[in-house]
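# Overview (structure and organization)
Each chain, letter by letter, is given below.
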Amino acid sequence: LSLIMAEEQEMGLSVQPLSNWRARTVFVFGKTLPYAVTNLFFSVASFAFLMPIFKVGFHIEKLPAFMLLSAAFAVTVSLAGFVFGLLFKDRITVMVVLMFYSLPGIMASGYSWPDFALPWDIRIFSYFFPITHFVEEIRRVILGPIGLQGFLHSLSALTLYSLICFGLSLILLQKRSGRC
């Protein structure tokens, strides 16, 4: 999404001034929703494909928790991509920024190794990335019993991150409209 938005700006197809908050809200949802739905579809499809291959037992009663957490992550990532697409004007800058943002997030999230093995300062740093909140809890959902407290904490963190990105999107679109 970030690259598409940067490409649109390079081609002169950038966002036209949006007159009010409703128009900006519809624009944000119109841009991010297809990416969030696609992300969710591939998340579920890869999950359904990979679980039998790796012979990981999965109980069907965990499916709602998996879907809810995956949807929250998909929306969060799409909105963050939208913000990055608004902040930077060209594709090269967006790629560089996304690499410097994503790689530390992946390395510190617990995706590669459990978060309890990380030094405390890196663990605190990792909580600024949405992937940390997703990976920690999705591992528990798939491999063990679902703890309601941990699940709600991760879901709340992803929701807060989404709301912050949504608010930043509206503010950046308002600035583009020249109405600050």
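Since the model is a prediction, treat every value here as computed from it, not as a measurement.

According to the stated counting rule, one finds two salt bridges in the structure shown. We note a salt bridge from glutamate 7 to arginine 91, for which the minimum N-O separation is 3.7 Å. Placement of glutamate 7 in helix α1 (residues 2-10) and of arginine 91 in helix α4 (residues 91-108) is noted, with a sequence separation of 84 residues between them. The partly exposed category is assigned to arginine 91, whose relative accessible area is 37%. Arginine 140 is paired through a salt bridge with glutamate 137; the nearest N and O atoms lie 3.1 Å apart. Residue arginine 140 and its partner glutamate 137 are both found in helix α6 (residues 130-143); the two are separated by three residues, about one turn of the helix. Judged by relative accessible area, arginine 140 falls into the partly exposed class, the value being 40%. According to the relative accessible area criterion, glutamate 137 is buried, its value standing at 1%.

What follows is about the nonpolar core. Of all hydrophobic cores here, the largest spans 17 residues; its most connected members are Phe66, Leu69, Phe134, Ile138, Ile142 and Phe151. Elements with a minimum of two residues in this core: α2 (21-53), α3 (63-87), α6 and α7 (148-177). For this core, the leading source of residues is α6, giving six residues. If sequence neighbours within four positions are ignored, phenylalanine 151 has contacts with Ala65, Leu68, Leu69, Glu137, Val141 and Ile146. Phe82, Leu86, Phe166 and Leu170 belong to the second largest nonpolar core, which has 13 residues in total.

According to the stated counting rule, one finds nine aromatic pairs in the structure shown. Relative to phenylalanine 42, the ring of phenylalanine 41 has its centre 5.3 Å away and its plane inclined at 75°; by these criteria the two rings are edge-to-face. Exposure remark for phenylalanine 41: the relative accessible area of 54% places this residue in the exposed category. Three or more aromatic residues joined by ring pairs make a cluster, and in this case those are Phe84, Phe88, Tyr101, Phe125 and Phe129.

Calculation rules
- Residues numbered from 1 in each chain as written.
- Predicted model: local features only at pLDDT ≥ 70, side-chain atom pairs only at ≥ 80, totals over all residues.
- Heavy atoms only, no water.
- Salt bridge = Lys/Arg side-chain N within 4 Å of Asp/Glu carboxyl O.
- Helix = DSSP H or I, 4+ residues; strand = E, 2+ residues; numbered from the N terminus.
- Buried < 20%, exposed > 50% of the residue type's maximum accessible area, 1.4 Å probe, protein only.
- Core = buried A, V, L, I, M, F, W, Y, C linked by side-chain atoms within 4.5 Å.
- Contact = heavy atoms within 4.5 Å.
- Phe/Tyr/Trp six-rings, centres within 6.5 Å; stacked < 30°, edge-to-face > 60°.

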